[in-house]
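Next come the chains, spelled out residue by residue.
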Amino acid sequence: MLKGGVIMDVVTPEQAKIAEDAGAVAVMALERVPADIRAQGGVSRMSDPDMIDGIIEAVSIPVMAKARIGHFAEAQVLQSLGVDYIDESEVLTPADYENHIDKWAYTVPFVCGATNLGEALRRITEGAAMIRSKGEAGTGDVSNAVTHMRTIRKEIRRLGALAEDELYVAAKELQAPYELVVEVAKNGKLPVVLFTAGGIATPADAAMMMQLGAEGVFVGSGIFKSGNPAQRAEAIVKATTFHDDPDVIAKVSRGLGEAMVGINVDEPARSIQFAERGW
Amino acid sequence: MTTVGVLALQGDVREHLAALDRLGVKGTSVRRREELDACDALVLPGGESTAMWRLARTFDLLDPLRDRVGTGMPTLGTCAGMVLLADRLLDGADGQETIGGLDMTVRRNAFGRQTESFETDLEVTGLDGTVHGVFIRAPWVEEVGPGVEVLASVAGHPVGVRQDQLMATSFHPEVNADDRLHRLFLDTCC
């Protein structure tokens, strides 16, 4: 039950401890945070099992780990290591440019990214138990997270306004199963939880995303690429819980030191578009 | 009319509020002292007990919660909420504290990690038929004091308990639309 909580990227057991002590509901174990993947380039893969074991040992909260899009063997390894969730993630280099992992074949739940409702529903059809809006990881720029969350929520609201006989075409346009489209139209929400990710770097970023309808927050590079990770981590946890209370956001935003420097999403230096991975 | 607060620091708050709403009871989310003061009964939801504990401590809610739960406020704790209601905790995070009130020892994450999570139909004292229990990284009750009634068990471990006005379950009655356990709480604890 991760709802209303913050999930933090960590690359060492020490960082995992800091995240747990700050009130994270889970940690994401990975070899390099997205900002470093972006800076260093190369092929990015599942983490070393020793490193994942070390993080599982270090904390008592759930541990997630990333597999490459379509890399079902990496997912099998992660399940055998006993991770609590697998993130089939666009932040790693895709292993299959056509197919995602058949997530029904696993007992461990999966989280997947989405930029719009159709993508979210296709991932759910494949067995995803949790969706996160993709944003643009490793930038510290929240604008893509905002676009993706607004898009998903807008498309859900639009379904609710359609007549029953218009849902057939809506399903065709969304490239998603009709039954799932009907369910979303009826309930006004996804059948799984919807978190946000990709560019969240400050307490106000987290508060904004929660107010836009996220049910929880993934923070990647934003914490451990900042000046004072422990304090920033705690501030983002508080801001997520009290996302609608500007007094609390103001208080926890004070004296945090340097935020991650960040890369504007339109900067030419930012050659990789993680969000465009996945289909 | 009874107002039932749902501790809303983290976890499946909305599901509990929806269950209360279906039962025609006024539910309200609780993140602040004054919101707690306005409640007659309380639900501690499923979620991450360490995150809830840290937030409760930071926002000066831990002592008021102890005060209210300790002085007779009817309280239902599910999963992480069971952890929070335990007088004694095993396998907590370093330094983890609880609200307490229920004379029991609870082992956190006792049923294992996410991949060991399971669903099962179980009998609950006071309810006809079975209840579909959803156990996610669930705790179990290791031992109970003399005043505690065990309502349900799985594999020899108590997973549902009641002591006077306090009730706790290892599983999540809030995630399916079966509201009988909430009803039982309202009928027997409030």
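Quick notes on the rules
- Residues numbered from 1 in each chain as written.
- Chains lettered and ligands numbered in written order.
- Predicted model: local features only at pLDDT ≥ 70, side-chain atom pairs only at ≥ 80, totals over all residues.
- Heavy atoms only, no water.
- Disulfide = S-S within 2.5 Å.
- Buried < 20%, exposed > 50% of the residue type's maximum accessible area, 1.4 Å probe, protein only.
- Phe/Tyr/Trp six-rings, centres within 6.5 Å; stacked < 30°, edge-to-face > 60°.
- Helix = DSSP H or I, 4+ residues; strand = E, 2+ residues; numbered from the N terminus.
- Core = buried A, V, L, I, M, F, W, Y, C linked by side-chain atoms within 4.5 Å.
- Contact = heavy atoms within 4.5 Å.

**Let's talk about the state of the cysteines**
Residue and element names in this part refer to chain B. Evaluated as defined, the whole model comprises zero disulfides over all chains. As a non-bridged cysteine, Cys 79 has Cys 189 as the owner of its nearest cysteine sulfur, 18 Å distant. Distance from the sulfur of Cys 190, which forms no disulfide, to the nearest cysteine sulfur (Cys 189) is 6.4 Å. You can call Cys 190 partly exposed: its relative accessible area is 44%.

**Thoughts on the packing of aromatic side chains**
Summed over the entire model, instances satisfying the criterion amount to 10 aromatic pairs over all chains. When the ring of Tyr 106 of chain A is compared with that of Phe 110 of chain A, the centres are 5.1 Å apart and the planes differ by 70°; the resulting orientation is edge-to-face. Exposure class is identical for Tyr 106 of chain A and Phe 110 of chain A. Each is buried. Plain terms: the ring middles of Phe 118 of chain B and Phe 135 of chain B are 4.6 Å apart, the flat faces sit at 5° to each other, and that makes the pair stacked. One end of the pair, Phe 118 of chain B, is in strand β7 (residues 118-123); the other, Phe 135 of chain B, is in strand β8 (residues 130-135), and 17 residues separate them in sequence. Note on Phe 135 of chain B: relative accessible area 1%, which makes it buried.

**Topic: unusual backbone geometry**
All names here are of chain B. A positive phi angle, near 55°, is found at Cys 79, a position not held by glycine. Its place among the elements puts Cys 79 in the loop between β4 (75-78) and α5 (80-85). Residue classification places Cys 79 among the buried residues on the basis of a relative accessible area of 5%. One non-glycine residue, Asn 109, lies in positive phi territory at about 50°. Residue placement: Asn 109 occurs in the loop between β6 (102-107) and β7. With a relative accessible area of 22%, Asn 109 lands in the partly exposed category.

**Some thoughts on the nonpolar core**
Leu 121 and Ile 131 of chain A together with Met 104 of chain B are the most contacted members of the largest nonpolar core, which totals 98 residues. Ranked by the residues each element gives to this core, the list is headed by helix α6 (residues 143-161) of chain A, at six residues. Ignoring any residue separated from it by four or fewer positions in sequence, one finds Leu 121 of chain A in contact with Leu 174, Ala 176, Leu 180, Val 181, Val 184 and Leu 190 of chain A.

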